[in-house]
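Commentary on secondary and tertiary structure
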Amino acid sequence: MAAETSSDDLDFDRAAPARVYVLLLGGRTAFAADREAYAKVIANAPDAGAVAKENYKFAGRATAQAVQEFGIGQVVNIGPGIQDSDIKMPSVEQCVRAVAPDAVVVAFDNDPVVRTHARTHSQRVLFGDVTDLDTILSNPALDDALDLAEPMVVVLAAVLHFVDDPAAVVAGLARRLAPGSLVVLSHATSTDIPDKDTRVGGMTKAYDDATSRIHFRSEEEILGFCAGWKILEPGLKDVAAWGLPEDEHGQLGEFVRVVGMVVRLPGRVR
Ligand SMILES: C[S@@+](CC[C@H](N)C(=O)[O-])C[C@H]1O[C@@H](n2cnc3c(N)ncnc32)[C@H](O)[C@@H]1O
């Protein structure tokens, strides 16, 4: 294996999105600053843990469905989050393996704690920053495991709200991926939140001193940065409802909402 590009600056004095999220999921891999940020999130949105769990399930469900429906054999999961043994739900990789045992699944994260934890669970997460797609798609440590000439599924679950310019990320993917590729994405939204200024403002503040700030965007903004991509059925929905019959919906967020969708780069017919 070629050497892995890495950035291992550990900073435990500031909250990190991956560690706040693992607390929301019921895990324990976190430090004091993460617990402080988590408490502020929960104070503004008591349902944030339930919505995080629905988001986690959406990522696995939507990715497995995309792989199966379009017969795609390669998945790039960007920002997979921390592997924590207290999370009792199947990961994106496990959901993909259940429908496509031979698929190539690779994961990238810019948080060193995510990568270290993956190693302790005998998994591999490479260093990669979604704002620098070449560190991901052309990473020498992949040893050409990905074929950029063939369609792939890129997973961006609950990642783009930690990025200042998500439209640039999605446009960068459109330039680099083969036609027929898909992106599974979810994003925290400011649409339809009661007492929005207080709640969204409070959650945003929780990440003020974190390693990445959070941006709640409207549903229109989220749809806007995927212009030019084909939005697959059922469109942009609450993650708890996406792709499920009504009687199987999970807990819809009231004080915090995360919406998800799957988009496809037009051009190649299956
Ligand atoms: C809220 S967690 C979501 C985890 C997982 N995708 C899920 O939905 O269950 C956000 C993840 O994105 C990662 N992340 C945030 N900004 C990133 C960036 N610029 N490049 C790569 N990963 C990033 C975080 O470290 C964390 O692992």
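The present account deals with the structure reproduced in this document. All residue numbers refer to positions counted from 1 along the written sequence of the respective chain. Given that this is a predicted model, residues contribute local features only at a pLDDT of at least 70 and side-chain atom pairs are listed and counted only at 80 or more, while totals for whole chains, interfaces and linings are drawn from all residues. Note that water and hydrogens are dropped before the side-chain values are worked out from all heavy atoms of the structure.

Right, let's get into the overall build of the protein. Along the protein, the regular secondary structure elements total nine helices and eight strands. Taken over C-alpha atoms, the radius of gyration is set against a globule rule of 2.2 Å times the number of residues to the power 0.38. For the protein, whose C-alpha radius of gyration is 17 Å, the value lies close to the compact-globule estimate of 18 Å for 270 residues. When burial is assessed residue by residue, the protein has 55% of its 270 residues classed as buried. Contacts are assigned to residue pairs with any non-hydrogen atoms lying within 4.5 Å of each other. When contacts within the protein are restricted to residue pairs at least 6 apart in sequence, long-range pairs at least 24 apart make up 75% of them. Each accessible area is a Shrake-Rupley estimate made with a 1.4 Å probe; only the visible protein chains count as cover when residues are assessed. Roughly 12000 Å² of accessible area belongs to the protein as shown, and the carbon and sulfur atoms make up 49% of that amount. Positive and negative side-chain charges of the protein, numbering 26 and 39 respectively, have mean locations separated by a distance of 1 Å. Secondary structure follows DSSP: runs of H or I at least 4 residues long count as helices, runs of E at least 2 residues long count as strands, and numbering of each begins at the N terminus. When accessible area is computed with a 1.4 Å probe and restricted to protein chains, residues below 20% of their type maximum are described as buried, those above 50% as exposed, and intermediate ones as partly exposed. We count Lys and Arg on the positive side and Asp and Glu on the negative side, and we leave His and both chain ends out. Taken as the charge centre is NZ of Lys, CZ of Arg, CG of Asp or CD of Glu, depending on the residue.

Paired rings are identified among Phe, Tyr and Trp, the last through its six-membered ring, by centres lying within 6.5 Å, and are further divided according to the angle between planes into stacked (under 30 degrees), edge-to-face (over 60) and tilted (the rest). Within this structure, the stated rule accounts for three aromatic pairs. When the centroid spacing of 4.3 Å and the interplanar angle of 40° are considered together, the rings of phenylalanine 12 and phenylalanine 31 count as tilted. Taken as a pair, phenylalanine 12 in the segment before helix H1 (17-24) and phenylalanine 31 in the loop between H1 and helix H2 (32-44) lie far apart in primary sequence, 19 residues in all. A relative accessible area of 34% means that phenylalanine 12 is categorised as partly exposed. Their ring planes at 55° and their centres at 5.7 Å tell us that phenylalanine 162 and tyrosine 207 sit as a pair that is tilted. In this pair, phenylalanine 162 is assigned in the loop between strand S4 (153-157) and helix H7 (166-176) and tyrosine 207 in the loop between helix H8 (196-206) and helix H9 (219-224), connecting sequence segments 45 residues apart. Classification of tyrosine 207 as buried rests on a relative accessible area of 6%.

Take the side chain of glutamate 54 next. Counting through the fold element by element, glutamate 54 comes out in helix H3 (residues 48-70). Taking the relative accessible area as the measure of exposure, glutamate 54 reaches 8% and is therefore buried. When sequence neighbours within four positions are dropped, the list of residues in contact with glutamate 54 reads Val239, Ala240, Gly250 and Gln251.

Let's shift gears to the pattern of salt bridges. Salt bridge, as applied in this entry: a Lys or Arg side-chain nitrogen positioned within 4 Å of an Asp or Glu carboxyl oxygen. Considering all chains together, one arrives at 10 salt bridges under this definition. We note a salt bridge from aspartate 86 to arginine 28, for which the minimum N-O separation is 2.7 Å. Of this pair, aspartate 86 sits in the loop between strand S1 (74-78) and helix H4 (92-99) while arginine 28 sits in the loop between H1 and H2, placing them 58 residues apart in sequence. On the basis of relative accessibility, which here comes to 59%, the residue arginine 28 falls in the exposed class.

Further remarks concern the site of the ligand. Here a residue counts as near a molecule or strand whenever at least one of its heavy atoms sits within 4 Å of it. Close to the ligand lie 18 residues, the nearest being Tyr21, Asn55, Gly79, Asp109 and Ala157. Under this definition, polar contacts are N or O atom pairs within 3.5 Å; protein pairs additionally need one hydrogen-donor-capable and one acceptor-capable atom, and for neighbouring residues in sequence, both atoms have to be side-chain atoms. Within the backbone of glycine 81, a nitrogen or oxygen atom sits 3.2 Å from an oxygen atom of the ligand. At 3.0 Å from a nitrogen atom of the ligand is found a main-chain nitrogen or oxygen belonging to valine 130. For the ligand, whose accessible area on its own is 600 Å², the fraction buried by protein is 96%. At the level of elements, H1 and H3 are the ones that each hand at least two residues to the shell around the ligand. Partitioned by chemical class, the residues of the shell around the ligand number 10 nonpolar, five polar and three charged. Basically, the charged four are Asp, Glu, Lys and Arg, the nonpolar ten are Ala, Val, Leu, Ile, Met, Phe, Trp, Tyr, Cys and Pro, and anything else, Gly included, counts as polar.

Honestly, it's all geometry; don't read function into it.
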